[in-house]
Amino acid sequence: MSIGEKWQKKWKESKIFEANVDSREKFYTTVAFPYPNSPFHLGHGRTYVTADIYARYMRMKGYNVLFPMGFHYTGTPIITMADDVAKGEREVIDIFKNIYEIPDQVIPKLSDPLFMANYFKDDIKKAMDEMGLSIDWRREFTTIDPEFSSFIVWQFNTLQKRGFVVKDTHPVGWCPVHHLPVGMHDTKGDMEPDIGEYTLIFFESKSGYLPAATLRPETIFGVVAIWVNPKEKYVIAEVKGRKVILSERSAFKLTFQIDNVKVLEKISGSELTKITAINPVTGDTIPILGADFVDVNTATGIVMSVPAHAPFDYFYLKKVSSSIRPIAVVQVDGYNEFPAVELVEKSNPKNDTDLKKLTEQLYRIEYNKGRMRKDAIERSKEEFRSELGSVIGISVPEARKSITDFLISHGLGDKIYEIMNKPVYCRCGNEVVVKILKDQWFLDYGNPEWKALVRKLVSKMRLVPDEVRKDFEYSIEWLQKRACARTRGLGTPLPWDKKWIIESLSDSTIYMAYYTIAHKIKTYKLRASQMTFDFWDYVLLGKGDINDISKLTGISIDVLQQLRSEFMYWYPLDMRHSGSDLIPNHLSFFIFNHAAIFPEDLWPRGIAVNGLVLYEGKKMSKSLRNIIPLRKTIRIYGPDVIRITLSSLSDMGSEANFTDAAAKSVMDSLKRFYEIASSISSFNGNELGFAEKWLMSRLNSSIKQSISLMDNMRFRDANNLILFGLLSDVNEYMEMVKAEGRDPNGSILRDFVIAWTRLLAPFAPHIAEEVWNALGNSGFVSVSRWPNYDESNIDLKLELEHEYHKEIIDDIRSILNVYKGNPKIATIYVANTSEHTLLMDALKTTAGGGTLKTFMSSHRPKNKEEAKELQDIFEYATEMSDSKKKLLLLGVDEEVLLKEGLPLIKYKTGLDIEVQKYSDEIMRKYKKESFPLRPSIVLS
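Residues numbered from 1 in each chain as written. Predicted model: local features only at pLDDT ≥ 70, side-chain atom pairs only at ≥ 80, totals over all residues. Heavy atoms only, no water.

1. As for the overall build of the chain
Scanning the chain from terminus to terminus reveals 36 helices and 29 strands. For the chain, the C-alpha atoms occupy an extent of roughly 100 × 85 × 55 Å along the three principal directions. By sequence separation, contacts in the chain at least 24 residues apart represent 77% of the contacts at least 6 residues apart. Just so you have it, the chain exposes about 39800 Å², and 49% of that area is on carbon and sulfur atoms. A gap of 2 Å separates the mean positions of the 124 positive and 125 negative side-chain charges of the chain. (Helix = DSSP H or I, 4+ residues; strand = E, 2+ residues; numbered from the N terminus. Contact = heavy atoms within 4.5 Å. Areas by Shrake-Rupley, 256 points an atom, 1.4 Å probe, with all protein chains shown as cover. Lys, Arg positive; Asp, Glu negative; His and termini not counted. Charge placed at Lys NZ, Arg CZ, Asp CG, Glu CD.)

2. What about the sheet that holds strand β28 (residues 912-917)?
The three strands lie next to each other as β28-β27-β29, forming an open sheet whose pairing is mixed. With one partner strand each, in any of the chains shown, β28 and β29 (936-939) form the two edges of the open sheet. Direction aside, neighbouring strands of the sheet carry axes that sit 25 degrees apart on average. Relative to β28, strand β27 (residues 825-830) is paired through six bridges, and the arrangement is parallel. Considered in β28, the bridge of Tyr829 is made with Gln916. Seen against the sheet, helix α29 (residues 796-818) touches β27, β28 and β29 and runs at an angle of roughly 45 degrees to β29. (Pairing = 2+ DSSP bridges. Axes fitted to C-alpha atoms, helices over the stretch in contact; angles between N-to-C directions.)

3. Digging into the pairing of β29
Of the two faces of β29, the one holding Ser936 and Val938 and the one holding Ile937 and Leu939 are both buried throughout. Across four bridges, the pairing between β27 and β29 is antiparallel. Within the sheet, the bridge partner assigned to Thr827 lies in β29 and is Val938. (Buried < 20%, exposed > 50% of the residue type's maximum accessible area, 1.4 Å probe, protein only.)

4. Here's the deal with the packing of helix α31 (residues 852-859) against helix α32 (residues 864-879)
Relative orientation of the contacting elements α31 and α32 amounts to 135 degrees, with a least axis distance of 10 Å. Judged on the interaxial angle alone, α32 and α31 are oblique. The handedness of the crossing between α31 and α32 comes out as right-handed. The segment α31 lies against α32, with Leu852, Phe855, Met856 and His859 engaging Ala867, Leu870, Gln871, Ile873 and Phe874. For the contact of α31 with α32, the per-class residue count stands at seven nonpolar, two polar and no charged. (Parallel < 35°, antiparallel > 145°, perpendicular 65-115°, else oblique. Left-handed = near helix turned anticlockwise from the far one by under 90°. Nonpolar A, V, L, I, M, F, W, Y, C, P; charged D, E, K, R; others polar.)

5. What to know about the packing of helix α30 (residues 833-847) against helix α33 (residues 882-889)
At their nearest, the axes of α30 and α33 sit 11 Å apart, and the two run at 120 degrees to each other. What the angle tells us is that α30 and α33 run oblique. Considering how the two elements wind past one another, α30 and α33 form a crossing that is left-handed. Here His836, Leu839, Met840 and Leu843 of α30 lie close against α33, whose contacting residues are Lys885, Leu888 and Leu889. Grouping the amino acids of the contact of α30 with α33 by side-chain chemistry returns five nonpolar, one polar and one charged.

See below:
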């Protein structure tokens, strides 16, 4: 049995992670419960490990910590994956067989969604246990459990009563095959469909209207041509009683937004280039030009050309027509009349990628700084000029809205929706389109009353890292209505319209409340039928008469009171961990729903998010075949190595690059920790000298520093301090005592390792338990107290003195690297006291903002030699390290300090060491200067 298995078994047997109500202060943390539609891979591990590290740390600080886990069965991810197996999708089956190593006889059974969910749930649970997650498994549930469904029914009834669930018409991402709204967790790669709005402008031609789709309708005055793709197919269709020309794909997509779209005939893009079009606002007749860059899959496949303000248009217009001149519409300070022309001519773009960057740059500049030109408006038809005069001189955003309203009100334009981050694919493999859903149930995240509550909640929340606050604030303002029900998938029926099933991003928002009583529901064998609206109102909101509720539900008053007490003890949630990619959906919905349902004192207190995990510098993907199953990496490296590597590679909010080299470095460090701990009994020294005092100072300094780092979830810095820093310190201590020709102090080392083991326990709990136990400690280190530091044992002067000794050693080694010959002695020449006085004065001058001129004027050098000396002293003062400045201010005697470090300096350099005072004679002989704490060194 491995060390990991040994301690996982002991934790389970002793139930140390089962959290029960008691008199201690509680800390309640959760992490996103997983979809069991495939095993965990390495990327999943980071979020769960960081959550567990913090839970373990808070437990060691004395909190009563609850860390539960459930499984997300609802929605389409499991159904779709099971369908792929049933259809024999080669890629899915290949990944299951060859990457996740699922037995051949199991794979066909995965075509049953429930079998798949249960199979992968068990596998994920094993991965969590093998990683050493300190979970209270009594509270486990799945989102299709009838008891949990009763909780979701109550949640949606509560939201509907508050007016936050509405029936409406709204654009949504849509699977055109299964006829379902599609959100992030319904798509391949978990991409949230970003729905944007295009303005259509109808350019008349003899074959029909050309609906040019644009994000910049304010530039209509500068249109000089229409672009189509000559190699693609277009259609003439009847849309809202108007004959229009658009791409074949666009006509298909438009059927999901507009009723009764009727295709009349097909026409090639090359045929369209033989006719002309009329600008509906200016009346100008303009050519229709062919260009391969026109994407017929975006919007209508008809693009208007504004070369004055669109780099793409100017670049390609030069290739096809030199006679068409740009027309300016927007003026921007710092740019000439035609900003796009200026950018293209200066930048000389080589390809469409370069043009795209220039386009984004110019659109951003014109949006933020651009204003409408007067002469542009004068190009409009005479009958429009009076009405359009109001846009002269206004900003681009204002003009955009005004022109759009004008076009639509005059029947010259319309709006359509498009997936802006296309292509987005449904898990079934079909490209997602935008559908205008009618009579659909939505969570009205755009409701002003609801948004106001959410803004207040976020303003009070702790967010880790703090930089993500702006992302939450943006997401909250951006969210509007969101479809909350589907007709396909596992889940809870919408209580008042049971043909709909509540979708997976809508039933996973307040489930943290359910964890608080999930174990009691099992203990008392409560049935879903007993958990009425009144039951949940009482348990979670304290509403209703307990006697009446007891009679109606058949649940005893004592049990009801217990459930209410459990919930009130654990709520509110203290910290929610998740991936940063879930900010626009899961995490924002979590905030919205808590704000809507619970009183302010039960609102969640914090969210921690982390970035994605790369593997050897690359994003893990099926196409690269670099998905690494989590359980496989645990077998290769061991759980503690994985835990430390995932949590120490980068700051919380940044991507983490897992590499074999990083994991092996962690493994080597943990082995060294274990070797040191195992060898303590062999050390018989009892001297309490400089080395011991330094080691205990370093330990107490590290403990003190660790508290702030751990409190703020700066796990990378904490790991560098606790594992690598303390390992370096203990190795240094061993060298120090060896240099003195004596044994390490076994008692001091034991105290050091016991504290070190506690510090390591949240990160490497398995090896920490093994060492803790081997040193004869009772109980588990996982529930011991985080070590306290003793301020009286922190000796900054001692630490700085040793730092100085190490710098001297490094200086001697640097000289040895270039020294020709075989030196025996290093003579260190220490600066005299007059230099010390001058340096202190120079430091005082720089601290006060003074310059070399200030310093010189206060000392008034008598000759060039004195001036040079003062200049050198001042320059040294400006480049001195903080550690040297602190040591200088402590008033050390450098000669005494060097003599104290002689044994170590001799041992590490292999030279005899002499310490002498610096003098003018030394300067003349060796041409070397000595400054305080930067002596000159001569080898001989």
